[in-house]
Every structure is written in C-alpha cells, then in structure tokens.
Amino acid sequence: MEEATQLMHAPQRQRTVHDYFRILIKRRWLIMLVFFAIVAYTALKNFTETPIYEATVQLLIERQTPRYIDQPGASSQPNSPGEEFYQTHYKLLESRALTKKVAEKLNVKSNPSYASIFQNLPPNADGSMKQRAEEDLISAIVREVKVNPVRQSSLVNVSFSNPDPKFAATMVNTLAQSYIEQSLDLRFATSQEAAAWLKEKLIEGRKKLEESEAKLNQYKREHNIVALDDKESITSQKLEQLNKDLITAQTHRMEAETRFKEVSRGQPISEVLKDSLIQTLKGQEAKLIAEQSELSRKFGEDHPRMIRVTNELAATRSKIGAEMGQIVQAIKNEYYMAKAQEENLKGALEKQKGETQDLGDRNIEYRVLLRDVETNRALYENMLKSLKTTTAAENTPATNIRIVDPATIPDTPVSPRKARNLMLGAVLGLFLGVGLALFMESLDTTLKTPEEVEGWLEIPNLALIPHMEFTSGNPVKEEFPELIVHQGTHPLASESYRGLRTTILFSTPGQAPRILLVTSSLPLEGKSTTCANLATAMAKAEPNVLLVDADLRRPSLHKIFQMAAEPGLSNFLVGELDDLPVVETIVPNLFVVPAGKIPPHPSELLGSARMQEFLDLAKSRFGRIIIDSPPLMSVTDAAILSTQAEGVLLVIKAESVPRKAAMDARDQLLEVNATLLGVVFNNIQTQRNGYFYNSYYRYHSYYTGKDDGPAPRHRRPPQPGVLGWVKNQLDHIKQKSKQA
C-alpha cells in the first residue's frame, strides 16, 4: 500500500523540446491557417489603404535668446537646458491655438482631406454645430502633427502627415513659421508688460529710498555717531583681553585650589617633597634613627649617648614640622589670592560685557537703518537700469527659435510600409498560430504519447497498437476482420500484439501470470479487440488458451468470434451449468467462454465464490486465461475481478482518454492491491503523428521483417529529424497526387 501511495503522488514528467515540436507537427494545419489568414489580411490592408506622405521641418530651439544689448536678469554664462524647458516648447508646437492660426492662414477648410467635416453640416446649422465642426477640424490636424526631439541636441523635427505631399510640406513649414512669429509676439508683449510694471515700481522705490535715508540721519544725530566702527573695535579688543585674563586666573585658581585641598587632607605635596631643607633634615633624621637603634642594642635607654641622640632626633623633627607648616601656609595664601583675582576679573568682564552689549544694540539699529538705505538704493538703481534696457529692447526682434532645414515635398509615402507590414504580419501570424496551437493543446487533456502515459501514470507502457481499419479484399478474411493476428491483415499491429505477449511472459520473475485481466478506464477503448488478439497471439505460442468474456453488461467477444452468446459465464455463475461453457474458435488452441445471458446484478456474481470455482476449474484445464472485463470508471466489475487475477492490463485509447480518467482508473486498481502490469496504448494515429511514431515503427518493421503494404524496389534509409519529416510529407503528397 505504501508503494501505491508513492506511485500516486509521483512527480510528472516535464515537456521537452521534442514534445513541443510534436505539437506543432500535429496542429500544423491550424498554424498554417492562422499564418495565411494574418498575412492575407495584412496584404489586403496594405494594397487597399490610401498612401500617407510625411513632411518634416527641423527647428533649432536655443536655451538663451540672442542678446543685442544687455538685458535685465540675463546671465553671462548660458544655463544648462532643463527638460521642462523643451517639453514646454514641444507642447506649444502641438497646441490647438497654434494649429488654429495655421488653419486659418492656409484656409484648410477647402482642403479635400478635411472638407468632409463641413460638408456633413446641415444647411440650417447653428453656431454651436459650426463651432463643433471647427474643433473637429483642429483635432484632426493636431493628430497628424508629430514632434520628435533629436537626442542630445537642441534640434527638434516637426512632421505632418497627409495624403497630399505638397499640402503636407506647406502645412508643416507654415506651422514652424507661425510658431516663430508667435514666440516673437509673446516676447514683445512680455517686454511691454515689464516696462509698465517697472515704471510703476520705480516711483515706489524712489519714495522708499528717501524715507530710509531720512531715518538714518535722524538716528546718527540722536546718538552722536560719527565713526561707529572704531569704537566698536576698541570695545571688542578690551572684552577679548579681559576674557583671556579671566581664563588665565581661573586656571591659576584651580591649580592652587588643588594643592590647597591636598594640604587640607594631609596628603604629601610636591612642594614639600622637593624642598632642599626638608630633604636635608629628613636625611639627618634617618641617620639619627639608625644611630638610636644601634645604641639601643648596645647601651640601653638610660645611657648618656642614647639620651643625646634622642634629643637631637626630636629637635630635627621639630624643624621638619616647622618648615612644612610654612610651605602649607604659603600654599593657602596663594589659593586665597588666586580666588580674589578671579572674582575681580569676573566683575570687570561683566561690566565690559554690558558696555559692549549697549554698543552692539546701537550698532544693530544703525546697521539696520544703513542696510535699508543701501537696499532701497540698489533696488532703485536696478529698476532704473532695467527700465532703460527693457525700453530699448522692445523694438529689437530676437528669438531663440530658428528653422534649420525647411520641409520639402516628400517623394515616397510613409504609410503603408508594405514590406515591413508583410514581414510583421508573417511574424505575428506565425506567433499567433503557434500560440493558438499550444493553447489548443493545453485544452486537450487526453493522453497522446507513450511518454505522457508513463509520465502521468508512472506505470510502464507495454505495447503500442496502431490504428486499424477492418477492411480487406479477401472475402474469407472479412468474416473475422478484428482477428488481425490470425488473419494477418495488419502486420504492424500483429507484431505489436506479439510483442505484448512477449512482454507479459517476461513481466514477472519466475512463472508468467496465468490469469490476465484486460480492462480500460472508459468504454470503446478497444479492450475486447485487444483481448481477442492477445489471446490469439498466446494461442499461437502455447496450447490451451482460454478467453473469458466477463463483461456481463455489454459483451462483445461473441461478436468478434461470431458465436452464440449463450450459454456462457453468467449461466455457470448462477448454477445452471456444472461444466465450463467453453467454445472452440477458428484459432487453434484458443477457446472462448462467452458472457452468457446478461444478469441483473453482475457485480455480485463476479465477486461470488462461484467465480472463484470457475477460475480454479479453468486453471486446471488451461495454461493461460485472459479475462475481458467492463471499464473501470463505469462499474466496479473490473476492480472485483482484478483481485482474482494474477496480472492486469490497462488499455488506453490514444487521444481519447483524459488524464484524470486514466489516473482514476489506475488508482482504483492500486487501492485494491491489484497486480498492474502496465498499459496497452491503443489506436495510435500514425498518419496524424507520423513524425513521432515513424522511427519507432520503421525500426520495428526492420527487425521483424514485416511492413504495412508492399515495399518499394529501392528503399532508402530513413532520415531522422526535421528533414526526415519534411521528406516523408513530400512523399505522402506525391503518392496522393498519383492516386488522384
């Protein structure tokens, strides 16, 4: 059961390039139909469409306008052109206002290309309808105007398209000239507006300048200011010097305070340790201590020499203490003096700050008034200069737009481009055809190749059975047309069934399965024909082969072998017969048990103990038993019989069975632990999928020495690949033409 579960969830095989090529070959007619339809439509449209001519004029749009005199606000260095600057010009070239001006200048209403817009107006049209027609005319012209900038330059190509080449050139040249005139008009109007505005502002500027100068003079008289800058410089120098002295005093006070705190805590300080007198007294003290220690060991405490040394030691220590006291007092005095000096400097600094602040306040007010005067004077002078320059530039014609290359009358149309359109149509038709073919193939979920069978079902493919037409010119063989192995009407199919027999005999180690069940997922997949021909192939190789028709719902083996349907299997299962209802066939060593009378409940009969007795009795008399059963997806009869068989064959009709149905049938067999030997891929259309199957059947026929139809006198070796397929198709067309 675990192996079955793994089998059901096995990954599927991905499509290869060979698979896609097979799809294209299979649906080649659909691809060709789409391809030729698109090409034909493109050709028809190209040769019936009105030719369109395009005239182009090239303009130079400079960032800076040429200056014959100094203009206000103009920089001596040209600015880098911004993207928005050129985009503005491009949109103005396509504007409706400019187009309307050109249309009126050229009287475009009378042009045949646009006359139909006004011809459709009724005789009694009102103003709104005429206005709408005017707007439609402008829209039609704007749609034909194209603005194409030349990359990394200040050039721009303006094009206009029309069926009349002469009108196209005239239209686009007039458009360019009108745009230059419009630019000059806008510049002249701007200069006039600027001059009027400057005159008004000049009067206001003169009044403000006079008021600011009066305020400055009044402030200087009130505060007795003659040269404020010198006084401000002296005050700043004093403040800076006091600040430096305060920093030095604070540093000295901090050092003295540190020594003062060390002395107050009784810690040794460097002044004491470095004093020469204290160092000398310390040396004497050390000698006296050593001498005292030596005398103490020799004479004791009361010896005169011992007393003298003790007195000298006390005197020396008294001198050391007195000297250290003087040093400590000097350190304290230094700290008090440094602290007092710092306080004095702080007071002087604060006083100087106050004076500096007062001077700064007066300076700020003075400079505000002075700056106001200077600003008003500068504004007044600039406006006066600008007014003079603007007045002089009003009558100077200057524009930054020039025609570099005027449009000429085009000789060849730009639309339709027949060669390009036909090529694009061919490419589009090919892609659409291939895409539609792949789409149709994706909608087709049937199993079409052995690789798909093995990839989706994950079980081996035992045989490929080609499509067969049951017709023959031999009247004797027409009696049993479906027994192709016995009649030899289809050598290739006969060899496939013989190959299936060999595969089954070697399918399991040891003894091959004696009881074989042949079933399918859906009806009409050819399982009964497969049973009959497989049994015939078995009977030609071994004696006593029994073929049982266990399809008790729609039996067909009695029709294939042209015998009576009763008595049969159902008669034995209900107890009407005690012996096997075996019927001898025209095939030597092959016997058939027909289905018998159709019972009301076949599943109960096939799953009964009587069925097991039937199989035991058949095994005792026959070496091989082949059972034909109903489809798996219709009823449960095949699943019941699969548990009693030693091997199960699943017949799948090519290009007819959906993958889902085949997988469900496989799962039903695996769920009941049936011994599923593999798949018989039936009814393969070799003509439809010739490229895929030709190599297989050609080599198969080569080794078996048989082929369909008479062999030609001189047979060339097959050519693999695309060239081989093309050659086969050409040969097939030649044969059809000869037959016709």
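The coordinates are above.
Every value quoted in this text rests on a predicted model; they were computed, and no experiment measured them. (Residues numbered from 1 in each chain as written. Predicted model: local features only at pLDDT ≥ 70, side-chain atom pairs only at ≥ 80, totals over all residues. Heavy atoms only, no water.)

### Some details on a nonpolar patch on the surface
Thought 1: Taken together, the side chains of Leu436, Phe439, Met440 and Leu443 define a hydrophobic patch exposed on the protein surface, amounting to about 360 Å² of accessible area.
Thought 2: With respect to the helices and strands, the residue Leu443 is situated in helix α13 (residues 418-443). (Patch = residues over 30% accessible without salt bridge, like charges linked within 9 Å, V, L, I, M, F, W, Y side chains within 5 Å. Areas by Shrake-Rupley, 256 points an atom, 1.4 Å probe, with all protein chains shown as cover. Salt bridge = Lys/Arg side-chain N within 4 Å of Asp/Glu carboxyl O. Helix = DSSP H or I, 4+ residues; strand = E, 2+ residues; numbered from the N terminus.)

### Details of the packing of helix α2 (residues 17-26) against α13
Thought 1: Two elements in contact, α2 and α13, have axes whose closest approach is 10 Å; the angle formed by their N-to-C orientations is 105°. The orientation of α2 relative to α13 falls into the category roughly perpendicular. Along its contact with α2, which presents Tyr20, Arg22, Ile23, Leu24 and Lys26, the element α13 presents Val434, Ala437, Leu438 and Glu441.
Thought 2: Among the residues making up the contact of α2 with α13, the classes are represented as 6 nonpolar, no polar and 3 charged. (Axes fitted to C-alpha atoms, helices over the stretch in contact; angles between N-to-C directions. Parallel < 35°, antiparallel > 145°, perpendicular 65-115°, else oblique. Contact = heavy atoms within 4.5 Å. Nonpolar A, V, L, I, M, F, W, Y, C, P; charged D, E, K, R; others polar.)

### Notes on the side chain of Ser520
Thought 1: Along the polypeptide, Ser520 turns up in strand β6 (residues 515-520).
Thought 2: For Ser520, the side chain forms a polar contact with the main-chain oxygen of Leu522, separated by 2.9 Å.
Thought 3: Those residues in contact with Ser520 that lie beyond four places of it in its chain are Glu525, Lys527, Pro631, Leu632, Leu650 and Val651. (Polar contact = N/O pair within 3.5 Å; in protein donor to acceptor, adjacent residues only side chain to side chain.)

### With respect to the packing of aromatic side chains
The relation between two aromatic rings is expressed through the spacing of the ring centres and the mutual angle of the planes.
Thought 1: Applying the stated rule across the entire model yields 7 aromatic pairs.
Thought 2: Taking 6.4 Å as the distance between ring centres and 55° as the angle between the ring planes, the aromatic pair formed by Tyr114 and Phe167 counts as tilted. On the criterion of sequence distance, the pair formed by Tyr114 in the loop between α5 (96-106) and α6 (115-119) and Phe167 in helix α8 (residues 165-222) is long-range, its members being 53 residues apart.
Thought 3: In this structure Phe167 comes out as buried when scored by relative accessible area, which is 10%.
Thought 4: Pairwise contacts between aromatic rings join Phe85, Tyr86 and Tyr90 into one cluster.
Thought 5: The cationic tip of Arg63 hangs over the ring face of Phe85; the distance from NZ or CZ to the ring centre is 4.4 Å.
Thought 6: Against the face of Phe572 rests Arg610, its NZ or CZ located 4.1 Å from the ring centre. (Phe/Tyr/Trp six-rings, centres within 6.5 Å; stacked < 30°, edge-to-face > 60°. Buried < 20%, exposed > 50% of the residue type's maximum accessible area, 1.4 Å probe, protein only. Lys NZ or Arg CZ within 6 Å of the ring centre and 35° of its normal.)

### Regarding unusual backbone geometry
Backbone geometry follows two general trends: most residues other than glycine have a negative phi, and most peptide bonds adopt the trans configuration.
Thought 1: The peptide bond linking Ser415 to Pro416 adopts the cis configuration, its omega dihedral lying at 0°.
Thought 2: Structurally, Pro416 can be placed in the loop between β4 (401-405) and α13.
Thought 3: Residue Pro567 is reached from Glu566 by a cis peptide bond, and omega for that bond is -10°.
Thought 4: One can find Pro567 in the loop between α18 (557-560) and α19 (569-573).
Thought 5: One non-glycine residue, Asn107, adopts positive backbone phi at about 55°.
Thought 6: Looking at the secondary structure, you find Asn107 in the loop between α5 and α6.
Thought 7: Unlike most non-glycine residues, Asn589 shows phi in positive territory, near 70°.
Thought 8: With respect to the helices and strands, the residue Asn589 is situated in the loop between β8 (583-584) and β9 (590-593).
Thought 9: We classify Asn589 as partly exposed; its relative accessible area is 37%.

### Regarding the sheet that holds strand β5 (residues 461-466)
Thought 1: The strand order β5-β12-β11-β6-β10-β7-β9-β8 describes an open sheet built from 8 strands, whose pairing is mixed. With partners counted over all chains shown, the strands left at the sheet margins are β5 and β8, one partner each.
Thought 2: The pairing of β5 with strand β12 (residues 676-684) spans 4 bridges and is classified as parallel. For Asn461, the partnering residue across the bridge sits in β12 and is Val679.
Thought 3: Its contacts with the sheet place helix α16 (residues 491-505) against β5, β6, β10 (624-628), β11 (647-653) and β12, and it is angled at close to 165° to β5. (Pairing = 2+ DSSP bridges.)

### Looking at α16
Thought 1: For α16, spanning 15 residues, the distance from its first C-alpha to its last is 21 Å, which sits close to the expected 21 Å at 1.5 Å a residue.
Thought 2: Within α16, the full set of buried residues consists of Leu492, Ala493, Ser494, Glu495, Ser496, Tyr497, Arg498, Leu500, Arg501 and Ile504. (Expected span 1.5 Å × (residues − 1).)

### Side note on the pairing of strand β3 (residues 155-162)
Thought 1: For β3, the tally of buried residues reaches 6 of 8 residues, placing the bulk of the element in the interior.
Thought 2: Where strand β1 (residues 53-61) meets β3, 8 bridges bridge the pair, whose relative direction is antiparallel. Residue Ala55 lies in a different strand from β3, and its bridge partner there is Phe160.
Thought 3: Where strand β2 (residues 145-149) hands over to β3, the hairpin turn is made up of 5 residues, of which Gln152 adopts a positive phi near 55°.

### Section: the nonpolar core
Thought 1: Residues Leu457, Leu569, Phe614, Ile627 and Ile652 are the most contacted members of the largest nonpolar core, which totals 47 residues.
Thought 2: If you tally residues by element for this core, the top one is helix α23 (residues 659-671), at 5 residues. (Core = buried A, V, L, I, M, F, W, Y, C linked by side-chain atoms within 4.5 Å.)

### Examining the sheet that holds β3
Thought 1: Taken together, 4 strands build an open sheet; the order of strands is β2-β3-β1-β4 and the sheet is antiparallel. In this open sheet, the two edge strands, each paired with only one partner strand, are β2 and β4. When the angles between neighbouring strand axes are averaged without regard to direction, this sheet yields 30°.
Thought 2: Here β1 runs beside β4; their pairing, made up of 4 bridges, is antiparallel. Within β4, the position partnered with Ile61 by the bridge is Ile401.
Thought 3: Sheet strands touched by helix α7 (residues 127-144): β2 and β3. Its angle to β2, the strand with the most contacts, is close to 30°.

### Examining the pattern of salt bridges
Thought 1: Applying the stated criterion across every chain, the model contains 16 salt bridges.
Thought 2: For Glu646, the salt bridge identified is with Lys619, shortest N-O distance 3.6 Å. Here Glu646, found in the loop between α22 (637-642) and β11, pairs with Lys619, found in helix α21 (residues 609-621); they are 27 residues apart in sequence, far enough to count as distant.
Thought 3: A relative accessible area of 31% means that Glu646 is categorised as partly exposed.
Thought 4: The structure contains a network of salt bridges with shared partners spanning Lys527, Asp551 and Asp628.

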